[in-house]
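# Coordinate inspection notes
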Amino acid sequence: MNKENKTITSAAMGVLIVIIVSKIVGFVESAMLAAYFGTSVEVDMFYLANTIVNNFVFTIFSCLAVVGLTMYNTARKDDAENGNRFISALLCSMLPFSFIVIAVIFIISPYISSLMASNYTDKEVDLLTFYIRELSVAAIFYVITTIFTCVLNAHKKFIPGALMGCVQNLTLIVFIVFLSDQIGVNAVVIGFWAAYLIQTAVLYICVRRVLKFRRFSYSKDINIKKLFLLILPLLLGEAVGEINALVDQYLATKQGVGYVSGLSYSGTLNDVVSALFMQTTTIVLLSFFSALVIEKRYDEMINELKKIIKYISLMVIPISIVTIFCADHLVSFVFERGKFNSESVFVTSQALIGYAIGFVPRIVMVVAKRPFFAIENTRIPMAIGMIAITINISLTILLSGFWGILGITVATSISHMVSCFLYFNRISSVFENVSWKDCYVFFTKVGIAAIISAILTCAVLYIKIGSHFYVLVVATVVCFCTYLGVLHMLKLTELKTLTLKIKNKISK
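What comes next concerns the included structure. Keep in mind that this is a model prediction, so the values were computed, not measured.

## Examining the state of the cysteines
Considering all chains together, one arrives at zero disulfides under this definition. Take Cys326: it sits in no disulfide, and the sulfur closest to it among the cysteines is that of Cys479, at 8.6 Å.

## A word on helix 5 (residues 139-154)
Taking 1.5 Å of rise per residue, 16 residues should cover 22 Å, and helix 5 covers 22 Å from first to last C-alpha, within 8% of that figure. Of all the 16 residues making up helix 5, 16 are buried; the element is thus mostly covered by neighbouring parts of the structure. Backbone geometry just downstream of helix 5 places Lys156 in the positive-phi region, at approximately 65°.

## Some words on the packing of aromatic side chains
According to the stated counting rule, one finds 12 aromatic pairs in the structure shown. Relative to Phe431, the ring of Tyr298 has its centre 6.3 Å away and its plane inclined at 45°; by these criteria the two rings are tilted. Highlighted residues: Tyr298 in helix 11 (residues 298-325) and Phe431 in the loop between helix 16 (405-430) and helix 17 (437-460), separated in sequence by 133 residues. Given the relative accessible area of 6%, Phe431 is considered buried.

## Structural notes on the packing of helix 11 against helix 12 (residues 327-335)
It is at 4 Å that the axes of helix 11 and helix 12 come closest, and there the two elements cross at 85°. On the basis of the axis angle, helix 11 is roughly perpendicular to helix 12. Facing helix 11, whose interface residues are Val322, Thr323, Ile324 and Phe325, helix 12 presents Ala327, Asp328 and Leu330. Of the residues that constitute the contact of helix 11 with helix 12, the class distribution is five nonpolar, one polar and one charged.

## Here's the deal with the side chain of Ser349
With respect to the helices, strands and loops of the structure, Ser349 is situated in helix 13 (residues 342-357). Take Ser349: its relative accessible area is 5%, and that puts it in the buried class.

## Remarks on the layout of surface pockets
In this structure, the second largest pocket encloses a volume near 460 Å³. Every residue lining the second largest pocket is counted, 19 residues in all, and those nearest its centre are Val364, Cys420, Phe421, Phe424 and Phe443. When residues in the lining of the second largest pocket are grouped by element, the largest group, six residues, is from helix 16. Class assignment of the residues belonging to the lining of the second largest pocket gives a composition of 15 nonpolar, four polar and no charged.

## Re the side chain of His416
Mapped onto the secondary structure, His416 falls in helix 16. Once you skip the residues sitting within four places of it in the chain, His416 turns out to touch Gly358, Pro361, Arg362 and Met365.

## Focus: the pattern of salt bridges
Taken as a whole and assessed by the stated rule, the structure comprises four salt bridges. Note that Lys306 and Asp438 form a salt bridge whose closest N and O atoms lie 3.3 Å from each other. Here Lys306, found in helix 11, pairs with Asp438, found in helix 17; they are 132 residues apart in sequence, far enough to count as distant. Glu494 is the partner of Lys310 in a salt bridge, and the nearest nitrogen-oxygen pair spans 3.2 Å. Linking Lys310 in helix 11 with Glu494 in helix 19 (residues 493-507), this pair joins segments that are 184 residues apart in sequence. Under the relative-accessibility criterion, Glu494 is labelled buried at 16%. Through salt bridges with shared partners, a single network forms among Lys306, Lys310, Asp438 and Glu494.

Calculation rules
- Residues numbered from 1 in each chain as written.
- Predicted model: local features only at pLDDT ≥ 70, side-chain atom pairs only at ≥ 80, totals over all residues.
- Heavy atoms only, no water.
- Disulfide = S-S within 2.5 Å.
- Helix = DSSP H or I, 4+ residues; strand = E, 2+ residues; numbered from the N terminus.
- Expected span 1.5 Å × (residues − 1).
- Buried < 20%, exposed > 50% of the residue type's maximum accessible area, 1.4 Å probe, protein only.
- Phe/Tyr/Trp six-rings, centres within 6.5 Å; stacked < 30°, edge-to-face > 60°.
- Axes fitted to C-alpha atoms, helices over the stretch in contact; angles between N-to-C directions.
- Parallel < 35°, antiparallel > 145°, perpendicular 65-115°, else oblique.
- Contact = heavy atoms within 4.5 Å.
- Nonpolar A, V, L, I, M, F, W, Y, C, P; charged D, E, K, R; others polar.
- 1 Å grid on protein atoms, 1.4 Å probe; cavity = no way out; pocket = protein on both sides within 12 Å on 5 of 7 lines; lining within 4 Å.
- Points joined across faces, edges and corners; volume = space filled by probe spheres on them.
- Salt bridge = Lys/Arg side-chain N within 4 Å of Asp/Glu carboxyl O.

Here it is, written out as structure tokens:
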């Protein structure tokens, strides 16, 4: 790692730039989807299908990426050829498994559709089944791209994997523009297929520079038993988390037509913020953390984790404040055009407020998992995931009865908060000499700044300002200036450090 002259911060900054571009393109893609199709039944069925496939298929192979990267780093530690044989064996093992997964989805999709869309007509349930089966085929490409990205990340080549979101969104935009009038929402489904084909080709071109496919022996080059023993707890932990998304979608169908779409559109905005910071750091962290674990530099790993948590919280808290108070203006500015009307704005903005409450906990929760993945302990994330989903489902059922779609997303945010507390507690137990005192001081100062900036941001909404865009601009400026000004008066060390890092990065 030292020879490559890279640090976690500098690597994350490079990935951040790519993800910002990707999210801008993603904004355009989501806005076009909303304008072309609004919050219709067809869009409800598409988003339900996408959620189901992501839960059933992609959760499995995202776990593969986490475990595979750690095992690949270990395999190639002494000899690069060992790493090549490991990946060759892994790819040949997982591809046949992906066909099995697709076959299972084809068989059970009618039953899942009947359960998830119980409030819809038979024709609409059949449409959901059709979308699920179409989307499931992408699992083949997802296996390949996941393993290729895993290899590139292990070699500290983070940019190609981060670019894949941009490739997908650009492809979807093209298919929406040119095919939506002819085949409707199905244009988006076919766009996913095309995007994965392009992603696979691009990643193959990148990965062949660092990976050579070799003959292998399953008994020597890949420990299948160890692989699945590590994946299974992680899979269970991730699966229970994804079950929450299905529960949210199911309860949204009970609210009426268009609520699933509204929940999904708000999820897009939620993902923009979360992915901007969460994806940036987690792409980088696991690779660096696994390298530190191999060298038994645990104290350094925990110190880096604490820095990342502080920097993320420092940047995301004011974004969360603006989003909570200006959710309707944000949704109107991004989506309100074409078939996306005022009712759609209301539903989507209500869901977004609940998500915004949990911006920081959601990102910190995902980051806090990484030390356990690095030491190949997948049981703790599994246990915490099960606890969180139990709380989440209980609160979702309770709060949705009082607050509707707002209650659904607030429950999700509360479960993230509980998960953060549990992860911090387990980190203190598993790793030696972990102290959170500096974090307590940090969050006390940040909390004071957040309260003051929230009050002034709320006051902005009582001023008569023309368009939604200008309201967002004024509220954002007031919030950030107040927030940074208070932190400067409180002499927050992390603010000075982060400012210097950004200046140094820009000057280079």
